[in-house]
Amino acid sequence: MGVYYMRDICPRCDSRTALGTIKCFKCGYQQQRFTSFARNCKDYGLGDTELPMPEEIIYNPNQFHYDALIWLAKAHIFNNMIMDQGIGYCPGIHKVFIPAYSSTGVLQFYQLRALDPNILNKCKYLTYGKSSEYMIIYEDQINSNQIILVEDHLSAMRIRKFGNVCALSGTFLSTNNCTSLVRTYSNFIFWLDPDQPGRQAMFKNLKRLRYYADKFAVKCLFTSSLEPDYRFYYVNYGKITEDPKYFHDSDIAKILTSEVILCAN
């Protein structure tokens, strides 16, 4: 009698026989296809980070706890996006693992989001690594001069299909971040969270970014570089009252085209 080896179930097509160590031979799914990256704004290079990691991380969403799937579903993040982004579930501590990788796959920092109600009242998120030194940027539209700025990584995951997007991992744009952004982009759309702290942070960051844009524009006058035509927008908070991640794709597309306000010079 032959020996039968049970394979893991493919999280994409649910095949019980086709998932290998690298990819599924039925649907082509590749495990842990991390597509995000964190840009080091201090030297525009890559960090070399050694971070303490949870003892166990599950990457197959079919094996996630129900609480994790429910929390991710509220942000319209389902199996395909979970797998593509390298999101995991940590069963030993009952938390969601949200990583930020470099373009070469080096883990720069990550967040753990608590699911236990007793912990939620104290601390929802724990960040490991120096997130303040990096920006999470998705540059899927290489030839575009526009970038959308959001607060959190989940919002960036949702918006990336509609344009280049930057997650601040908070509400503050550092000097290094501003300098990097104005060198690369000329059109900026702010979509920070619509609560009062988010609105205050949006106008403060917009002011800072305009300041560094003006500095870079002056520098261009004394070089052979063409002066950028900077434009700054923000979503209409009079109508938009939810974080980006809570909208359906069709609503996100509509908001980014018809519910943004151009800041006067």
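These notes cover the structure that comes with them. A quick note: this is a predicted structure, and the numbers were derived from the prediction, not measured.

**A short note on a nonpolar patch on the surface**
Link 1 in the chain: Side chains of Val218, Leu221 and Phe222 sit close together on the surface and give an oily, nonpolar patch of about 370 Å² of accessible area.
Link 2 in the chain: Along the chain, Phe222 falls in the loop between α6 (196-221) and β10 (231-235).
Link 3 in the chain: The class for Phe222 is exposed, based on a relative accessible area of 72%.

**Some thoughts on the packing of aromatic side chains**
Link 1 in the chain: Per the counting criterion, the structure on display carries 10 aromatic pairs.
Link 2 in the chain: Look at Phe64 and Tyr89: their rings are 6.1 Å apart centre to centre, the planes differ by 45°, and that puts the pair in the tilted class. With Phe64 in the loop between β1 (38-40) and α1 (66-74) and Tyr89 in strand β2 (residues 88-90), this residue pair connects regions lying 25 residues apart in the sequence.
Link 3 in the chain: Overall, the relative accessible area of 7% leaves Phe64 in the buried class.
Link 4 in the chain: With 5.0 Å between their ring centres and 15° between their planes, Tyr110 and Tyr128 make a pair best called stacked. Here Tyr110 is found in strand β4 (residues 107-114), whereas its partner Tyr128 is found in strand β5 (residues 125-128), with 18 residues between them in sequence.

**A look at the pairing of strand β6 (residues 134-138)**
Link 1 in the chain: Of all 5 residues in β6, 5 are buried; the element is thus mostly enclosed.
Link 2 in the chain: Burial along β6 is two-sided: the residues Tyr134, Ile136 and Tyr138 and Met135 and Ile137 are all buried.
Link 3 in the chain: Bridge count between β6 and strand β8 (residues 164-167): 3 bridges; the pairing is antiparallel. Considered in β8, the bridge of Ile137 is made with Cys166.

**Here's the deal with the nonpolar core**
Where a protein is soluble and globular, its nonpolar side chains tend to be buried together.
Link 1 in the chain: Of all hydrophobic cores here, the largest spans 62 residues; its most connected members are Ile77, Leu181, Phe188, Trp191 and Leu209.
Link 2 in the chain: The element contributing the most residues to this core is α6, with 7 residues.
Link 3 in the chain: Other than its neighbours up to four places away in sequence, Leu181 contacts Met135, Ile147, Leu149, Leu173, Phe188 and Leu209.
Link 4 in the chain: Formed by 9 residues, the second largest nonpolar core is a distinct cluster that contains Ile57, Cys90, Leu107 and Tyr110.

**Focus: the sheet that holds β2**
Link 1 in the chain: Reading across from one edge, β2-β3-β4-β5 is the order of the 4 strands in this open sheet, with antiparallel pairing throughout. Of all the strands in the sheet, the pair left with one neighbour each is β2 and β5. Here the strands of the sheet are splayed against their neighbours by 25° on average, with no regard to which way each runs.
Link 2 in the chain: With 4 bridges joining them, β4 and β5 adopt antiparallel strand pairing. Within β5, the position partnered with Leu112 by the bridge is Leu126.

What counts and what doesn't
- Residues numbered from 1 in each chain as written.
- Predicted model: local features only at pLDDT ≥ 70, side-chain atom pairs only at ≥ 80, totals over all residues.
- Heavy atoms only, no water.
- Patch = residues over 30% accessible without salt bridge, like charges linked within 9 Å, V, L, I, M, F, W, Y side chains within 5 Å.
- Areas by Shrake-Rupley, 256 points an atom, 1.4 Å probe, with all protein chains shown as cover.
- Salt bridge = Lys/Arg side-chain N within 4 Å of Asp/Glu carboxyl O.
- Helix = DSSP H or I, 4+ residues; strand = E, 2+ residues; numbered from the N terminus.
- Buried < 20%, exposed > 50% of the residue type's maximum accessible area, 1.4 Å probe, protein only.
- Phe/Tyr/Trp six-rings, centres within 6.5 Å; stacked < 30°, edge-to-face > 60°.
- Pairing = 2+ DSSP bridges.
- Core = buried A, V, L, I, M, F, W, Y, C linked by side-chain atoms within 4.5 Å.
- Contact = heavy atoms within 4.5 Å.
- Axes fitted to C-alpha atoms, helices over the stretch in contact; angles between N-to-C directions.

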